[in-house]
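So you can see what is in the structure, the chains are spelled out below.
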Amino acid sequence: MKKSGKAKAMSDVLDLTGAFNSPKHQHRVSSRTSGVQGSQILRIAGQIRALQSSGEAVCNLSVGDYSPQEFPVPKDLILENMKAFEEGHTNYPPAIGLPEMRDAVADYYAHYLGLRYPREGVVITSGARPVVFAFFNAVLNPGDKVVNPTPSWNTHYYVALCNATEVRVDSRPEDGFLPTRAGLEDHVKGARILCLCSPGNPTGTLFSEERLKAICEMVLEENNRRTPEEGPLYVLYDQVYWPITHGGRKHITPVGLFPEMAAYTVFVDGISKAFAATGVRVGWGVGPSDVITGMSRYTSHSGSWAPKPAQIATTRFLAKRDVVDAAFKDLQEALEARLGRLSKGLQVLIDEGCPLRFVDPEGALYLTLEVKIVGRKTPDGKVLENNEDIRTYLLSHAGMGIVPFEAFGVKNALAWFRLSVGAVSDNDIDSLMPRLRDAISKLS
Ligand SMILES: Cc1ncc(COP(=O)(O)O)c(C=O)c1O
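Calculation criteria
- Residues numbered from 1 in each chain as written.
- Predicted model: local features only at pLDDT ≥ 70, side-chain atom pairs only at ≥ 80, totals over all residues.
- Heavy atoms only, no water.
- Pairing = 2+ DSSP bridges.
- Helix = DSSP H or I, 4+ residues; strand = E, 2+ residues; numbered from the N terminus.
- Right-handed = clockwise from strand over helix to strand, strands pointing away.
- Core = buried A, V, L, I, M, F, W, Y, C linked by side-chain atoms within 4.5 Å.
- Buried < 20%, exposed > 50% of the residue type's maximum accessible area, 1.4 Å probe, protein only.
- Domains from an automatic or database assignment.
- Contact = heavy atoms within 4.5 Å.
- Axes fitted to C-alpha atoms, helices over the stretch in contact; angles between N-to-C directions.
- 1 Å grid on protein atoms, 1.4 Å probe; cavity = no way out; pocket = protein on both sides within 12 Å on 5 of 7 lines; lining within 4 Å.
- Points joined across faces, edges and corners; volume = space filled by probe spheres on them.
- Nonpolar A, V, L, I, M, F, W, Y, C, P; charged D, E, K, R; others polar.
- Patch = residues over 30% accessible without salt bridge, like charges linked within 9 Å, V, L, I, M, F, W, Y side chains within 5 Å.
- Areas by Shrake-Rupley, 256 points an atom, 1.4 Å probe, with all protein chains shown as cover.
- Salt bridge = Lys/Arg side-chain N within 4 Å of Asp/Glu carboxyl O.
- Polar contact = N/O pair within 3.5 Å; in protein donor to acceptor, adjacent residues only side chain to side chain.

Colleague: Looking at this structure, how should I read the pairing of strand β4 (residues 165-170)?
Modeller: A regular strand places its side chains on the two faces of the sheet in alternate fashion. In terms of strand pairing, strand β3 (residues 145-150) meets β4 through 6 bridges, oriented parallel. Paired with Thr-150 across the two strands is Asp-170, which belongs to β4. Between the parallel pair β3 and β4, the chain is carried across by helix α6 (residues 155-161), and the sense of this crossover is right-handed.

Structure representation (structure tokens):
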């Protein structure tokens, strides 16, 4: 084949493979970078892929993502994205978000959550992650205290990225692994951010009105006590799963409970989880306009705004209330059915005497499971001493991929795991149960 005018001949290509093998200097990345670890969940996902490619049957309950085959993105959102590209919306959007997209989010919150924010209270980002990153950077000085109730999703990485100080407060199984005012009270003094998430990842549980009210009252009391120089205690309210609540439960917000909380609350949200659109990368932060303006400096310089075609598409999609209602209903019902199937299967094993216990799923795509097999011996004579041993045994002997609560910042999470139904079929769940029964029965 004839080469184009600009293509290099093979002999002119500088081969850099191996050029980085013996670097002279040790500190090639900053100490901050060294402190931000890679995701444990991705390591588990790698092991599962390896098993699957060797032909083993694996029920992959480890991913907090949706399989497009099992939970497809709404067709309308796909068509609107294609249309936006065809219409040529391919240049830069404003870094804070297109005005029409910011208005669309404000209308969406008014319609579904009963909260009317001005355009200035909304920043549009490439998924929900940049909201957390920008918010932390916008309000934290180095060393500032962040109270992070655990188990929690990746919040601790963002604390490290800001050189802030994290205070982890472990929540209890009997509280559905959600924080309580009593558990937090001793820690909020002097803190700048309290992280809350409902419906919870990894817990799959929701704040009740009573529980969230008590926490908001504590935040308001703390803020009323502070002098202006001290700065406020903010709440990061991560509600990326808010439309997915099960058993007729209702999602509630700090601002819906107490309008005074608006000055202190930043919502983290987007289309990733609400519409099974994790790869489309549209998220938003909603909060006090001075904080949102500060946040937009970080999204601007890190270039973490949402792609313009995706913003145009999402703006049009969110405005179609019937389509959005149907999308919410389809996804919620499908997830509730899948979680119901998983719970039922596990309950059968429990009734037979298997040492398992689970927290009833109330929202999102998760079920929290306790596998009480620590101290037991595998057929190869190995004693299961910790969650990593249990996880590895269940993966290799039951083809069950799960994530231990240590991955969500809990120090003493013995026997507790997150199960996600986002990437499994009914058949995957059904065929797991006999394998799990068999693997547990082989322990002595
Ligand atoms: C609780 C929670 N917040 C935020 C995110 C980030 O969402 P996104 O993929 O839109 O960045 C996730 C993703 O798993 C999550 O579970």
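Alright, that's what it looks like, and here's the rest.
Colleague: Would you take a moment to explain the nonpolar core for this structure?
Modeller: Residues Phe-135, Phe-136, Ile-193, Leu-346, Met-400 and Leu-419 are the most contacted members of the largest nonpolar core, which totals 67 residues. The residues that make up this core include at least three from each of domain 1 (31-71 + 329-441) and domain 2 (75-326). Excluding residues that lie within four positions of it along the chain, Leu-419 makes contacts with Leu-61, Leu-342, Leu-346, Leu-365, Tyr-366, Leu-367, Leu-369, Met-400 and Ile-402. Residues Leu-115, Ile-124, Val-235 and Trp-284 belong to the second largest nonpolar core, which totals 55 residues.

Colleague: Looking at this model, I keep getting lost on the sheet that holds β3. Mind explaining?
Modeller: Across a sheet, strands are paired by hydrogen bonds formed along the backbone, either parallel or antiparallel in direction. Strand order in the open sheet made by the 7 strands is β2-β8-β7-β6-β5-β3-β4, with mixed pairing throughout. Either end of the sheet is taken by a strand with one partner, and the two such strands are β2 (122-125) and β4. Neighbour-to-neighbour, the strand axes of this sheet turn through a mean angle of 20°, independent of strand direction. When strand β7 (residues 265-270) meets strand β8 (residues 283-286), the two strands line up antiparallel, connected through 4 bridges. Among the inter-strand pairings, Val-268 is bridged to a residue of β8, identified as Gly-285. With respect to the sheet, helix α11 (residues 289-301) is in contact with β2, β6 (234-238), β7 and β8, its orientation differing from that of β2 by roughly 20°.

Colleague: Would you explain empty space enclosed by the protein in this entry?
Modeller: In this approach a probe as big as a water molecule rolls over the atoms, and the regions it shows empty are the leftover space. Considering all chains together, one arrives at 1 cavity of 30 Å³ or more under this definition. Of the pockets and cavities examined, the largest cavity occupies roughly 180 Å³. Contributing to the lining of the largest cavity are 20 residues, with Pro-149, Pro-151, Ser-152, Leu-196 and Cys-197 lying nearest its centre. For the lining of the largest cavity, the secondary structure elements donating two or more residues are β3, β5 (193-197) and β6. Among the elements that line the lining of the largest cavity, the one with the most residues is β5, at 3 residues.

Colleague: Sorry if this is basic, but what is going on with the layout of surface pockets here?
Modeller: For the largest pocket, the calculated volume is near 670 Å³. Among the elements of the structure, α2 (40-53), α5 (129-139), β7 and α10 (271-274) are those that each provide at least two residues to the lining of the largest pocket. Examining the composition of the lining of the largest pocket, we find that 3 residues originate from one element, α10, more than from any other. Tallied by class, the residues present in the lining of the largest pocket amount to 17 nonpolar, 10 polar and 6 charged. No fewer than three residues from each of domain 1 (31-71 + 329-441) and domain 2 (75-326) sit in the lining of the largest pocket. Here the second largest pocket defines a volume of roughly 340 Å³. Lining the second largest pocket are 16 residues, and of these Tyr-112, Leu-113, Trp-242, Lys-250 and His-251 lie nearest its centre. The class makeup of the residues in the lining of the second largest pocket is 7 nonpolar, 6 polar and 3 charged.

Colleague: Just to check I follow, could you spell out a nonpolar patch on the surface for this structure?
Modeller: Together, Leu-14, Leu-16 and Phe-20 give the surface a local cluster of nonpolar side chains, amounting to about 380 Å² of exposed area. Looking at where Leu-16 falls in the secondary structure, it is placed in the segment before α1 (31-35).

Colleague: Can you walk me through the domain arrangement of the protein in this structure?
Modeller: Size of an interface, as often reported, equals the accessible area lost when the parts are brought together. Assigned domains of the protein: these are domain 1 (31-71 + 329-441) and domain 2 (75-326). Of the residues lining the interface, 36 residues belong to domain 1; the matching set on domain 2 comes to 37 residues. Between the two partners, domain 1 and domain 2, sit 1 salt bridge. Among the salt bridges present, the one from Glu-362 reaches Arg-249, with a minimum N-O distance of 3.9 Å. Summed over the shared surface of domain 1 and domain 2, the result is 20 residue pairs in polar contact (both at pLDDT 80 or more). Residue assignment for the side of domain 1 that touches domain 2 shows that the elements contributing at least two residues are α1, α13 (321-351), β10 (366-371) and β13 (416-420). Per-element accounting of the side of domain 1 that touches domain 2 gives the leading share, 7 residues, to α13. Along the lines of polarity and charge, the residues of the side of domain 1 that touches domain 2 split into 16 nonpolar, 11 polar and 9 charged.

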